[in-house]
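For reference, the chains in residue letters:
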Amino acid sequence: MSASSSAAPGAAAAEARIHLAAAHRLAVFHELDEGIDNHFTMTVPGSEGRYLVLPFGLHWSEASASNLIEFDESGATLAGEGVVELSAQCIHAPLHRLTGARVVLHTHQTWAQALNLLEDNRLLPASQTAAYYVGHIAYDDHYGGTADVLDEGERLAELLGAKHVLFMKNHGVLTVGDTVAQAYRRLYKLERVCRAQVLAMSTGRPLHLLSDDVIARVQEPHPDDRHSRAERERLFFEAMMRILDRVMPGYRD
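Per-chain numbering applies: the sequence of each chain, read as written, is numbered from 1 onward. This being a predicted model, a pLDDT of at least 70 is required before a residue's local features are given, and a value of 80 or more before pairs of side-chain atoms are given or counted; all residues contribute to the totals for chains, interfaces and linings. Heavy atoms throughout the structure, all of them, feed into the side-chain values; hydrogens and water do not.

Novice: Sorry if this is basic, but what is going on with the overall build of the chain here?
Specialist: Numbering of helices and strands runs from the N terminus, with a helix taken as a DSSP run of H or I at least four residues long and a strand as a DSSP run of E at least two residues long. Secondary structure assignment for the chain yields eight helices and eight strands. Projected onto its principal axes, the C-alpha positions of the chain cover 50 × 45 × 35 Å. The contact criterion used throughout is that any non-hydrogen atoms of two residues lie within 4.5 Å. Of the contacts made within the chain by residues no fewer than 6 positions apart, 67% connect residues no fewer than 24 positions apart. Carbon and sulfur atoms form 51% of the exposed surface of the chain, whose accessible area is close to 12100 Å². Distance between charge centroids for the chain: 8 Å, based on 23 positive and 33 negative side chains. Using the Shrake-Rupley algorithm and a 1.4 Å probe, accessible areas are obtained, with residue cover drawn only from the displayed protein chains. We treat Lys and Arg as the positive residues and Asp and Glu as the negative residues; His and chain ends play no part in the count. In plain terms, the charge of a residue is placed at NZ if it is Lys, CZ if Arg, CG if Asp and CD if Glu.

In structure tokens form, the structure reads like this:
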């Protein structure tokens, strides 16, 4: 988010709600959603142990700053109207608590899920965008059914560790970040790079992988780069919100 760490708690909380609501609607616009299912959460600024989520039953296109609720790890609704879905509680609350992630985004988006249906579901460094993910993806290779206990979220948090993407075999994907802009950009670009890999694999021809040296150069910020990674994330998300203001307004309400 663009607010600084010194921003007033009220302003930071208001911006958090707007950005998380925007992320839900962007997921609809980018076809990453499953209607009312899957979950985006964020720690309430200044309130550890309290998390924002869209109440279960609302379509993601209906998300707005005012209809997000606050919940805690017990699943109790602390502010707003509605309830948190059980798997959202069990996956997200432990991930926030144990990894320190401010934002956790979980979807069953089509192309990332398609890759996760394969026996060998690893994202390969075959493109510039894929190179950015090298070393930052954790893999959960043991899907055991829907998450209905907090132990499952704790298991996923241990797998994720300090990385910012989790591939969930036979399930979906999850990204984390310090801001909604950062986590959503990771999720959006992940879907595009998974689509490119699946399409390339569908040709039956060998993929040409980037060397370790090239990957290192891609990941290392250039000293003359005019835009930091954080600024790129901010500019990306602000541009996406401008699109929403035209095609799907109301998320700021």
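Novice: How should I be thinking about the pattern of salt bridges in this particular structure?
Specialist: Once the charged atoms of two side chains with opposite charge are near each other, the side chains can pair. Any carboxyl oxygen of Asp or Glu within 4 Å of a side-chain nitrogen of Lys or Arg constitutes a salt bridge here. For the coordinates displayed, the defined rule picks out 12 salt bridges. Bridged by salt links that share partners, the residues Arg17, Arg50 and Glu70 form one connected network.

Novice: Explanation requested: the environment of leucine 58 in the structure shown.
Specialist: Position of leucine 58 among the secondary structure elements: in the loop between β2 (51-53) and β3 (69-71). When the C-alpha positions of leucine 58 and glutamate 238 are compared, they lie 24 Å apart, and in sequence the two are 180 residues distant. Once residues within four sequence positions are removed from consideration, leucine 58 is found in contact with Gly35, Ile36 and Asn67.

Novice: Explanation requested: the environment of valine 149 in the structure shown.
Specialist: Among the secondary structure elements, valine 149 is positioned in the loop between β6 (137-140) and α5 (150-160). Think of it in three bands: with a 1.4 Å probe and only protein chains considered, a residue is buried below 20% of the maximum accessible area for its type, exposed above 50%, and partly exposed in between. Residue valine 149 is classed as partly exposed on the basis of its relative accessible area of 42%. The spatial distance from the C-alpha of valine 149 to the C-alpha of leucine 86 is 8.3 Å, given a sequence separation of 63 residues.

Novice: Hey, could you run me through the pairing of strand β7 (residues 165-168) in this one?
Specialist: The side chains of a regular strand alternate, residue by residue, between the two faces of the sheet. Alternating residues of β7 divide into Val165 and Phe167 and Leu166 and Met168, and every residue in both groups is buried. Here a strand pair is declared whenever DSSP counts at least two bridges between the two strands. In this structure, β6 lies alongside β7, joined through four bridges in parallel fashion. Within the sheet, the bridge partner assigned to aspartate 140 lies in β7 and is methionine 168. Crossovers are described as right-handed under a simple rule: with the strands pointing away from the observer, the path leading from the first strand over the helix to the second runs clockwise. Handedness of the β-α-β unit built from β6, α5 and β7 comes out right-handed. Inspection of the sheet shows β7 paired to strand β8 (residues 172-177) by four bridges, in the antiparallel sense. In the strand pairing of β8, leucine 166 is matched with leucine 174. Hairpin geometry of β7 and β8 is characterised by an intervening segment of three residues between the two adjacent antiparallel strands and by a positive phi of about 60 degrees at asparagine 170.

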